[in-house]
Amino acid sequence: MQEVFVGQEDEIPEGGRKVVVAGGIEIGVFRVDGQLQAWRNECPHQGGPVCQGKMMKGVEERLDADRRSLGIHYKEGSLHVVCPWHGYEFDLRTGRHAGLDRIRLAAHKVTVRQGAVFVSVNA
Ligand code: FES
C-alpha cells in the first residue's frame, strides 16, 4: 500500500468532490458529513466513471400504517452519486448501491495530515 497526495483538504467542501489519478487509478474523493471518503472511479456494473456522476439526495417511498404509498421523497441527510452510464446509484457514505446491498464501490483509505489529503492505493 502506498499513500498518494491528492490535494489540500479545503479543496473539497461539504457535498463536494475531487476526482484524481493516484497511482494510475482514478479515484473520487468526496466530503460527506465532514468526512472525506474515497471511492474508485469505476462502477461495479460495467466500469463507468461513477464518481463523475450527478450527486443528489437518496430517494425513498414512504408508506402509511396500511402500507399505502405516501409518495416518493428525498431522504434527508443522504448523499448519493448516480453513475452516468446506466444510472446505478450509490450511497456516498457507505459505497453501497441504493437497492442492492451486495453491489458496492471500491473504497480507498483517506488520510489527512496538516491539511494535505492522501489516498491509499496498491503499490
Ligand atoms: S457502468 Fe455504471 S451503471 Fe452501468
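Note: the structure precedes this text.
Every residue gets a number counted from 1 within its own chain, in the order that chain's sequence is written. Per-residue local features are limited, in this predicted model, to residues with pLDDT of at least 70; the limit for side-chain atom pairs, both in listing and counting, is 80 or more; totals at the level of whole chains, interfaces and linings are taken over all residues. To obtain the side-chain values, all non-hydrogen atoms of the structure were included, while hydrogens and water were left out.

Draft legend 1. Broad picture of the overall build of the chain. By the criteria applied, helices consist of DSSP H or I runs no shorter than four residues and strands consist of E runs no shorter than two, each listed in order from the N terminus. Within the chain, the secondary structure is distributed over zero helices and twelve strands. By its C-alpha atoms, the chain is 55 × 30 × 20 Å across when sized along the principal axes. Whether a residue is buried, partly exposed or exposed follows from its accessible area with a 1.4 Å probe, protein chains only, as a fraction of its type maximum: under 20%, in between, or over 50%, in that order. Looking at the chain as a whole, 37% of its 123 residues are labelled buried. Note on contacts: a residue pair qualifies if any of its non-hydrogen atoms lie within 4.5 Å across the two residues. Of the contacts formed within the chain by residues at least 6 apart in sequence, a portion of 46% connects residues at least 24 apart. Of the accessible surface of the chain, which amounts to about 7200 Å², a share of 47% is contributed by carbon and sulfur atoms. Taking the average place of the 16 positive charges on the side chains of the chain and the average place of its 16 negative ones, the gap between the two points comes to 2 Å. Note on areas: these come from Shrake-Rupley sampling with a 1.4 Å probe, and a residue is covered only by the protein chains present in the view. The charge count treats Lys and Arg as positive and Asp and Glu as negative. His and the chain ends do not count. For charged residues, the charge sits on one atom: NZ in Lys, CZ in Arg, CG in Asp, CD in Glu.

Draft legend 2. Summary view of the sheet that holds strand β5 (residues 54–56). Taking strand neighbours across the sheet as the criterion, the three strands line up as β5-β8-β9 in an open arrangement whose pairing is antiparallel. Each edge of the open sheet carries a strand with a single partner, namely β5 and β9 (89–91). Averaged over all adjacent pairs, the angle separating strand axes in this sheet is 25 degrees, with direction ignored. As defined by bridge partners, strand β8 (residues 80–82) adjoins β9 across three bridges and the pair is classed as antiparallel. In the strand pairing of β9, Val81 is matched with Phe90. Two strands pair if DSSP finds at least two bridges between them. Axes here mean lines fitted to C-alpha atoms, for a helix over just the part in contact, with angles spanning 0 to 180 degrees between N-to-C directions.

Draft legend 3. Looking closely at the pattern of salt bridges. Only one rule defines a salt bridge in this text: a Lys or Arg side-chain nitrogen within 4 Å of an Asp or Glu carboxyl oxygen. What the rule picks out here adds up to ten salt bridges. Residue Lys18 pairs with Glu11 through a salt bridge whose shortest N-O separation is 2.6 Å. For Lys18, a relative accessible area of 25% gives the class partly exposed. Glu11 gets classed as partly exposed once you look at its relative accessible area, which sits at 38%.

Draft legend 4. Spatial organisation of the packing of aromatic side chains. The aromatic pairing rule takes the rings of Phe, Tyr and Trp, using the six-membered ring of Trp, and pairs them if the centres are within 6.5 Å, calling planes under 30 degrees apart stacked, those over 60 edge-to-face and the rest tilted. Inspection of the entire model under this criterion finds two aromatic pairs. The interplanar angle of 65 degrees and the centroid separation of 5.8 Å between the aromatic rings of Phe5 and Phe118 together place this pair among those described as edge-to-face. Pair noted here: Phe5 is in strand β1 (residues 2–8) and Phe118 is in strand β12 (residues 116–121), with a separation of 113 residues, a long-range link. The exposure class of Phe5 is partly exposed, given its relative accessible area of 46%. The class of Phe118 is buried, set by a relative accessible area of 16%.

Draft legend 5. Structural context of the nonpolar core. By nonpolar core we mean a set of buried residues, namely Ala, Val, Leu, Ile, Met, Phe, Trp, Tyr and Cys, connected to one another through side-chain atoms within 4.5 Å. Grouped together as the largest cluster of nonpolar side chains are 13 residues, with contacts concentrated most on Phe30, Trp39, Val50, Phe90 and Leu92. Apart from residues no more than four positions distant in its own chain, Phe30 is found in contact with Ile12, Gly16, Arg17, Gln35, Leu36, Gln37, Trp39, Cys51, Met55 and Leu92. In this structure, Val4, Val6, Leu36 and Val119 belong to the second largest nonpolar core, which totals twelve residues.

Draft legend 6. Layout of a nonpolar patch on the surface. To count toward a patch, a residue needs a relative accessible area over 30% and no salt bridge; like charges are then connected within 9 Å, while nonpolar side chains (Val, Leu, Ile, Met, Phe, Trp, Tyr) are connected within 5 Å. Residues Val59, Ile72 and Tyr74 make up a contiguous nonpolar surface patch of about 320 Å² in total accessible area. Within the secondary structure, Tyr74 sits in strand β7 (residues 69–74).

Nothing here speaks to function; it is all geometry.
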